[in-house]
Amino acid sequence: MKGTTPEGARTEQEAAAWVRAMFGRVAHRYDLANHLLSFNMDRYWRAHTVRRVREVLARPEARVLDICCGTGDLMHALQRRRSGGVPVMASDFCHPMLVAARAKLGGAPLVEADALDLPLRAGSLDLITVAFGFRNLANYDAGLREMRRVLRGGGVAAILEFSQPPNAVFGALYRFYSRRILPVVGGALSGSPDAYRYLPESVRKFPSPEELAESMRAAGFGGVEFERLTGGIVALHLGRV
């Protein structure tokens, strides 16, 4: 695995800069576009992820971080599941996204940080999550290693990401929607057509669930498993320390 490759980006640094700027342009309409373009299925996918990590969330002293948090939807869902204890933290390297998250979440602990270089000591977290942001990293293997570094023994990593449906017919319909419909509608909603041309292309280039699972094992995760959701549009990976 390498990392995301926006058109025109020649290095990891250029790819990261392009992604940061792109998300900054769409932050003001990001939630609306997500909900409409996924037919609100994004809420279900996040809720399912929260259910799969509920055992860690039930630990009162568990330290939880949601990376590439965007406007904070998964962070908010994780926090609602907790019954007291240490608040869920979130980070993103795109400042406008964090501004939008702050407006929605109030005083939640938000940190501006690159997922490839988290400002945390090794072994300091019990749960680290990412929803629809992992495929935008400039280096996937480095991202996995960083997630593994900050988890302590007994910790869990959860990666919720778009994927390619394995069924040929459904896959063809999905590709038509993502390449023909999504860029037009998403571009109109956000005012940034290039963002919604990039997003389906980034899904097409992203490793398969099997490949990502193998890379998680290579990064030091154990008990790696994944499940496809909604016909394989999305995959949820879990890895343990």
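What counts and what doesn't
Residues numbered from 1 in each chain as written. Predicted model: local features only at pLDDT ≥ 70, side-chain atom pairs only at ≥ 80, totals over all residues. Heavy atoms only, no water. Axes fitted to C-alpha atoms, helices over the stretch in contact; angles between N-to-C directions. Helix = DSSP H or I, 4+ residues; strand = E, 2+ residues; numbered from the N terminus. Left-handed = near helix turned anticlockwise from the far one by under 90°. Contact = heavy atoms within 4.5 Å. Nonpolar A, V, L, I, M, F, W, Y, C, P; charged D, E, K, R; others polar. Pairing = 2+ DSSP bridges. Buried < 20%, exposed > 50% of the residue type's maximum accessible area, 1.4 Å probe, protein only. Right-handed = clockwise from strand over helix to strand, strands pointing away. Phe/Tyr/Trp six-rings, centres within 6.5 Å; stacked < 30°, edge-to-face > 60°.

### Here's the deal with the packing of helix 2 (residues 30-37) against helix 8 (residues 168-190)
Moving on, step 1. For the pair helix 2 and helix 8, interaxial distance at closest approach is 10 Å and the crossing angle is 145 degrees. The element helix 2 and its partner helix 8 pack so that their crossing is right-handed. Of helix 8, the residues touching helix 2 (which contributes Leu32, Ala33, Leu36 and Leu37) are Tyr177, Leu182, Val185, Gly186 and Leu189.
Moving on, step 2. Here the contact of helix 2 with helix 8 is built from residues that sort into eight nonpolar, one polar and no charged.

### Here's the deal with unusual backbone geometry
Moving on, step 1. In this structure, Asn40 takes a positive phi of about 70 degrees despite not being glycine.
Moving on, step 2. Along the chain, Asn40 turns up in the loop between helix 2 and helix 3 (41-52).

### Side note on the sheet that holds strand 2 (residues 89-92)
Moving on, step 1. The seven strands are arranged 3-2-1-4-5-7-6 in an open sheet whose pairing can be described as mixed. This sheet does not close on itself; its edge strands, each paired only once, are strand 3 (110-112) and strand 6 (222-229). Ignoring which end each strand starts from, the neighbouring axes of this sheet average 15 degrees apart.
Moving on, step 2. Seen against the sheet, helix 7 (residues 140-150) touches strand 1 (64-67), strand 4 (125-131) and strand 5 (151-162) and runs at an angle of roughly 145 degrees to strand 5.

### Considering the pairing of strand 2
Moving on, step 1. Side chains of strand 2 alternate between two faces, with Met89 and Ser91 and Ala90 and Asp92 buried alike.
Moving on, step 2. Here strand 1 runs beside strand 2; their pairing, made up of two bridges, is parallel. Bridge pairing links Asp66 to Ala90 in strand 2.
Moving on, step 3. This β-α-β element, strand 1 to helix 5 (residues 73-81) to strand 2, shows right-handed connectivity.

### Observations concerning the packing of aromatic side chains
Moving on, step 1. Within the structure shown, the criterion is met by nine aromatic pairs.
Moving on, step 2. Judged by centre distance (4.9 Å) and plane angle (55 degrees), the rings of Trp18 and Tyr198 are tilted. With Trp18 in helix 1 (residues 12-26) and Tyr198 in helix 9 (residues 193-205), the pair connects residues that are 180 residues apart, well separated along the chain.
Moving on, step 3. An angle of 80 degrees between the planes, with centres 5.9 Å apart, marks the rings of Phe23 and Tyr30 as edge-to-face. Per residue, the accessibility class of Phe23 equals that of Tyr30, and both read buried.
Moving on, step 4. Members of the aromatic cluster, joined through ring pairs, are Trp45, Phe132 and Phe162.

### As for the pairing of strand 5
Moving on, step 1. Note that strand 4 and strand 5 share six bridges and pair parallel. Bridge pairing in strand 5 places Leu125 opposite Leu151.
Moving on, step 2. Taken together, strand 4, helix 7 and strand 5 form a β-α-β motif whose crossover is right-handed.

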